[in-house]
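# Secondary and tertiary structure notes
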Amino acid sequence: MADSVGKVVIPGDILSEFRASEKTSKVALGPGLRQEGEEVLVTKGGILRHKEPNLYWIDCHQRRYIPAKGEDVIGIVTVKSGDVYRVDIGATQPATLSYLAFEGATKRNRPNVKVGDLVFAKLLVANKDMEPELVCIDSGGHSSGYGVIPADGGFMVHTSLNLVRKILSPNCDILKFLGKNVPFETAVGMNGRIWVKAKTPKDTIVVANAIASSEHMTNAQIRTMIRQLLDKLSGF
Amino acid sequence: MKEVPMSTCEREFILKAIRDRKRIDGRQTYDYRRLKVSFGMERGCCIVDLGDTKVLAQVSGKIEEPKKNRPTEGSIIINLELSPMASPAFEPGRPTESGIEMNRILERNIRDSRAVDTESLCIVAGEKVWSIRADVHVLNDEGNIMDAASIAAITALSHFRRPDVSVMGEEVTVHSPEDRDPVPLSVHHMPVCVTFAFFDQGEFLLVDPNRSEERVMDGRMVVGMNMHREICTLMMSGGMLLVKEQVLRCSQIATVKVAEIIELIQRALDKDAQARQAGEKCGFAESVPTNKITTNRKEATAIDTTAAAQQASQVIQEAGPVDKPMSNMLVQAPGTVQIGEGLVNTWDVDDEDMESEEKEGREKSVTNGREAVATSKPTERKRPVKAGEGTVSHAEGSDSEEEETVMLFQGDDETKSTEEPDSTALMQPSNSDKPAKKKGKKKKAAQK
């Protein structure tokens, strides 16, 4: 169904007539699509997307995170047990994070992680039959941005997965436009959690609310909304 | 299922913001979230939206035997349902401790304060009484279920109509709604809960805490109050001590909030009653557009007009000054202008008739004008056109909607109607606001 690309499909729809690509005859099915025998079924309600040469998937509004290998997520440390931390990443199962998976950590030199802390980490193992596993280092053993997020003055918003994907896409200029006017730090987890920190709590609240409310807006609308927010901030 | 844990980062930030007199959703300390009361198709069904918190209440009634010790009183049962649909933290099955607590507050607030008269629910003393049951379902929990539930319960009770009953000797007949109009319950007063959240051992307080504020608060206080400033319930929970002044302050805030809420409820009830009487569509299903699957109801959004304003100013600059007016305009009377000579009268009415009637007085000419509209342009009949509307609108002449009515007065009689300065002066104030309203509507449409 090459025609329904960009249109709404609902669970149970059967898709056919995929666009043939020059390079390969195979079609790659992304989230929301499943092959049942000869047919391709839709398993999520949303908009059918296509990317050259042969990738199909469904964009939908969802809040439950399904771990995928290599994605960056923000987790909340819930339990310290033995040599691992249990971290809530919004998936069905808690993820594990070894205390050795931090920069410069050794058996003797444990990282300072407390229950309730936020960690920005990468998914090392994401398998539907196994517990997800997180790491806070890259393959070279450096932190490269991962690690415990300090709890001084930042705030985290819980949003839908769709919004996170939108924010991270190069077409969306909310972070660029917002950052030009209100300087802030941010960490965006693919599990629908966005941590922001600006100079003052007031600015942080403004940034967090601007991001959270931008889900169904176009770039032009986002600019208007941010302009209005800034007017209010400066006391117009 | 367990709820998503709260990180120290969020907790600290919310507390810090509260100490700075700020809230994360941008409200002020004593602000409620947006409150919306809507009703179902059936009587006694009410949905309350408090921000993202959503509560549904449904009232039903049946005939039962009364309690032995109170043979002349009907009963009122209030049941609060916390289903897992509202929040993953709620387990199905047995109600939790907090669920029982909230249910008890609702009962104390509405039943024990005698808000609904139970003696009028008696049919035959000692044998048959009405038992009224209010089921309050929490559909979404985004904090402060208590206030939303109390508003939903009392509104549903005042919205409910029970079937009329008549007693003939031993026989009791329940009349159907077609037979006799159902009767409302006698609601003496409307008690409503106002929740206060306390932080830092009662040093800071907030009205209407949302979900994240509820999770970091030290304790809360629920004040149930009615319009007459009578406290019906007062409940404090959480391990903290409050000074006397703080409690008094809360009750004073509650009086203001309760007055606002009850006014809103009353307005919603009146609006629904009017809609039902006029036979219009009512019920919350009507308020949601159903023809599209991808869209939900959206608030009007602002449009960026900076680019358009720039363009407009550019156009004005480029255009330069206007050399001469579009046509020769003749000022007939203050506020009216004649454009062109006018055409021959094409209406069925004779000119002489018109003239003679014109002399008779203003009212006559107005009615004549209306008739003429009806006869000459049958398509326009739907729109109630007043003769006066035409006279004024041709003076401004820019509104496209008014064009057709302008046509009507470009005939010979145009000059006559404008020759009466009194009548036009009288017309103007009543008509001047009409085009403005239309423009307003257009703007709304454009925003949508």
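Residues numbered from 1 in each chain as written. Chains lettered and ligands numbered in written order. Predicted model: local features only at pLDDT ≥ 70, side-chain atom pairs only at ≥ 80, totals over all residues. Heavy atoms only, no water.

Chain B is annotated in an unreviewed UniProt entry as Exosome complex component RRP45 of Branchiostoma floridae. UniProt's Sequence similarities (unreviewed entry) comment on chain B is quoted here verbatim: "Belongs to the RNase PH family." (UniProt positions renumbered as here; feature names shortened; annotations may be inferred.)

Chain A is annotated in an unreviewed UniProt entry as Exosome complex component RRP40 from Branchiostoma floridae.

Our focus in this paragraph is the overall build of chain A. Counting its regular elements, chain A contains 4 helices and 16 strands. Principal-axis analysis of the C-alpha atoms places the extent of chain A at approximately 55 × 55 × 30 Å. Put simply, 64% of the contacts in chain A that link residues at least 6 apart link residues at least 24 apart. Accessible area for chain A stands at about 12500 Å²; split by element, carbon and sulfur atoms hold 53% of it. Between the centroid of the 30 positive side chains of chain A and the centroid of its 25 negative side chains there is a distance of 6 Å. (Helix = DSSP H or I, 4+ residues; strand = E, 2+ residues; numbered from the N terminus. Contact = heavy atoms within 4.5 Å. Areas by Shrake-Rupley, 256 points an atom, 1.4 Å probe, with all protein chains shown as cover. Lys, Arg positive; Asp, Glu negative; His and termini not counted. Charge placed at Lys NZ, Arg CZ, Asp CG, Glu CD.)

On to the overall build of chain B. Broken down by element type, chain B carries 12 helices and 16 strands. Taking all 448 residues of chain B together, 41% fall into the buried category. Counting contacts in chain B only where the partners sit at least 6 residues apart, residues at least 24 apart contribute 70% of the total. Entry remark: accessible area of chain B is about 26200 Å², with carbon and sulfur atoms responsible for 52%. (Buried < 20%, exposed > 50% of the residue type's maximum accessible area, 1.4 Å probe, protein only.)

Residues and elements named next belong to chain A. Within the open sheet, the 4 strands sit side by side as β1-β6-β7-β3. Their pairing is mixed. The open sheet terminates on both sides in strands that have one partner only, identified here as β1 (8-9) and β3 (28-29). Judged from the 2 bridges that link them, β3 and strand β7 (residues 55-59) form a sheet pairing that is parallel. Residue pairing in the sheet places Leu 29 in a bridge with Tyr 56 of β7. (Pairing = 2+ DSSP bridges.)

What follows covers the sheet that holds strand β4 (residues 33-36) of chain A. All names here are of chain A. Here we have 3 strands laid out as an open sheet, ordered β2-β5-β4, and antiparallel in their pairing. Two strands close off the open sheet at either side, each with one partner strand: β2 (14-15) and β4. Pairing of β4 with strand β5 (residues 39-42), which is carried by 4 bridges, proceeds in the antiparallel orientation. Bridging across to β5, Gln 35 finds its partner in Val 40.

Turning our eyes to something else, we now look at the interface of chain A and chain B. Contacts between chain A and chain B engage 26 residues on the former and 26 residues on the latter. Both faces considered, chain A and chain B share a buried interface measuring about 2000 Å² in area, 67% of it formed by carbon and sulfur atoms. Here chain A and chain B share 0 salt bridges between them. Linking chain A with chain B are 3 residue pairs in polar contact (both at pLDDT 80 or more), by the criterion used here. Elements that contribute at least two residues to the side of chain A that touches chain B include exactly β8 (72-81), β14 (155-158), β16 (193-198), α3 (201-212) and α4 (219-233) of chain A. When residues of the side of chain A that touches chain B are assigned to their parent elements, the largest contribution, 5 residues, is made by α3 of chain A. (Buried area = accessible area lost by both parts, 1.4 Å probe. Salt bridge = Lys/Arg side-chain N within 4 Å of Asp/Glu carboxyl O. Polar contact = N/O pair within 3.5 Å; in protein donor to acceptor, adjacent residues only side chain to side chain.)

The positions UniProt marks with the feature "domain: Exosome complex exonuclease Rrp40 N-terminal" (unreviewed entry) are residues 28-64 of chain A. Measuring from the first to the last C-alpha atom of residues 28-64 of chain A gives 23 Å, for a span that is 0% helix and 57% strand.

Let us look at helix α1 (residues 8-19) of chain B. Residues and elements named next belong to chain B. Between its terminal C-alpha atoms α1 stretches 16 Å, which fits the 16 Å expected from 12 residues at 1.5 Å a residue. Listed in full, the buried residues belonging to α1 are Cys 9, Glu 10, Phe 13, Ile 14, Leu 15, Ala 17 and Ile 18. In the stretch just after α1, Arg 21 is the one whose phi turns positive, near 60°. (Expected span 1.5 Å × (residues − 1).)

Let's shift gears to the UniProt feature "domain: Exoribonuclease phosphorolytic" (unreviewed entry) in chain B. Residues and elements named next belong to chain B. As annotated in UniProt, the feature "domain: Exoribonuclease phosphorolytic" (unreviewed entry) corresponds to residues 32-163 and 189-255 in the numbering used here. Secondary structure content for residues 32-163 is 22% helix and 37% strand, while the C-alpha to C-alpha distance between its ends is 36 Å. Helix makes up 27% of residues 189-255 and strand 39%, and the two end C-alpha atoms of the span are 14 Å apart.

Bringing the pattern of salt bridges into the picture now. Residues and elements named next belong to chain B. According to the stated counting rule, one finds 30 salt bridges over all chains in the structure shown. A salt bridge links Asp 164 to Arg 180; the shortest N-O distance between them is 3.4 Å. Within this pair, whereas Asp 164 is found in the loop between β7 (161-162) and β8 (165-168), its partner Arg 180 is found in the loop between β9 (171-174) and β10 (183-184), the two being separated by 16 residues in sequence. When its relative accessible area of 17% is taken as the criterion, Asp 164 is described as buried. We classify Arg 180 as partly exposed; its relative accessible area is 35%. Residues participating in the shared-partner salt-bridge network are Arg 23, Asp 25, Arg 27, Arg 33, Asp 208 and Glu 213.

Time to look at the side chain of His 159 of chain B. Residues and elements named next belong to chain B. Turning to its location among the elements, His 159 is positioned in helix α3 (residues 145-159). At 3.0 Å, the side chain of His 159 forms a polar contact with the backbone nitrogen of Gly 44. Beyond its immediate chain neighbours, meaning those up to four positions away, His 159 contacts Phe 39, Glu 42, Arg 43, Gly 44, Cys 45, Leu 269, Asp 272 and Arg 276.

Time to look at the environment of Pro 67 of chain A. Residue and element names in this part refer to chain A. Looking at where Pro 67 falls in the secondary structure, it is placed in the loop between β7 and β8. In this structure the C-alpha to C-alpha distance between Pro 67 and Leu 124, which are 57 residues apart in sequence, comes to 10.0 Å. In this structure Pro 67 touches Ile 89, Ala 91, Leu 123, Ala 126 and Pro 132, once residues within four positions along its chain are discounted.

Attention now goes to the packing of aromatic side chains. Residues and elements named next belong to chain A. The final tally for this structure, using the stated rule, is 3 aromatic pairs over all chains. Seen in terms of ring centroids, Tyr 85 and Phe 102 are 6.4 Å apart; in terms of plane orientation they differ by 85°. Their pairing is edge-to-face. Note that Tyr 85 is positioned in strand β9 (residues 84-88) and Phe 102 in the loop between β10 (95-98) and β11 (118-125), a separation of 17 residues in sequence. Neither residue differs from the other here; Tyr 85 and Phe 102 are each classed as buried. The ring of Tyr 99 has Arg 110 lying over it, and the distance from NZ or CZ to the ring centre is 3.8 Å. (Phe/Tyr/Trp six-rings, centres within 6.5 Å; stacked < 30°, edge-to-face > 60°. Lys NZ or Arg CZ within 6 Å of the ring centre and 35° of its normal.)

Nonpolar side chains tend to gather and get buried jointly when the protein is soluble and globular. If you look at the biggest cluster of nonpolar residues, it comprises 69 residues, and the most contacted ones within it are Ile 89, Leu 97 and Leu 134 of chain A together with Phe 199 of chain B. For this core, the element with the highest residue contribution is α1 of chain B, accounting for 6 residues. Each residue touching Phe 199 of chain B, except ones within four places of it in the same chain, is listed here: Leu 15, Ile 18, Phe 204, Leu 206, Glu 213, Val 216, Met 217 and Asp 218 of chain B. Formed by 66 residues, the second largest nonpolar core is a distinct cluster that contains Leu 35, Val 194, Met 221 and Ile 265 of chain B. (Core = buried A, V, L, I, M, F, W, Y, C linked by side-chain atoms within 4.5 Å.)

Attention now goes to a positive patch on the surface. The grouping of Lys 80, Lys 107, Arg 110 and Lys 114 of chain A at the surface amounts to a positive patch. For Lys 107 of chain A, the position within the fold is in the loop between β10 and β11. (Patch = residues over 30% accessible without salt bridge, like charges linked within 9 Å, V, L, I, M, F, W, Y side chains within 5 Å.)

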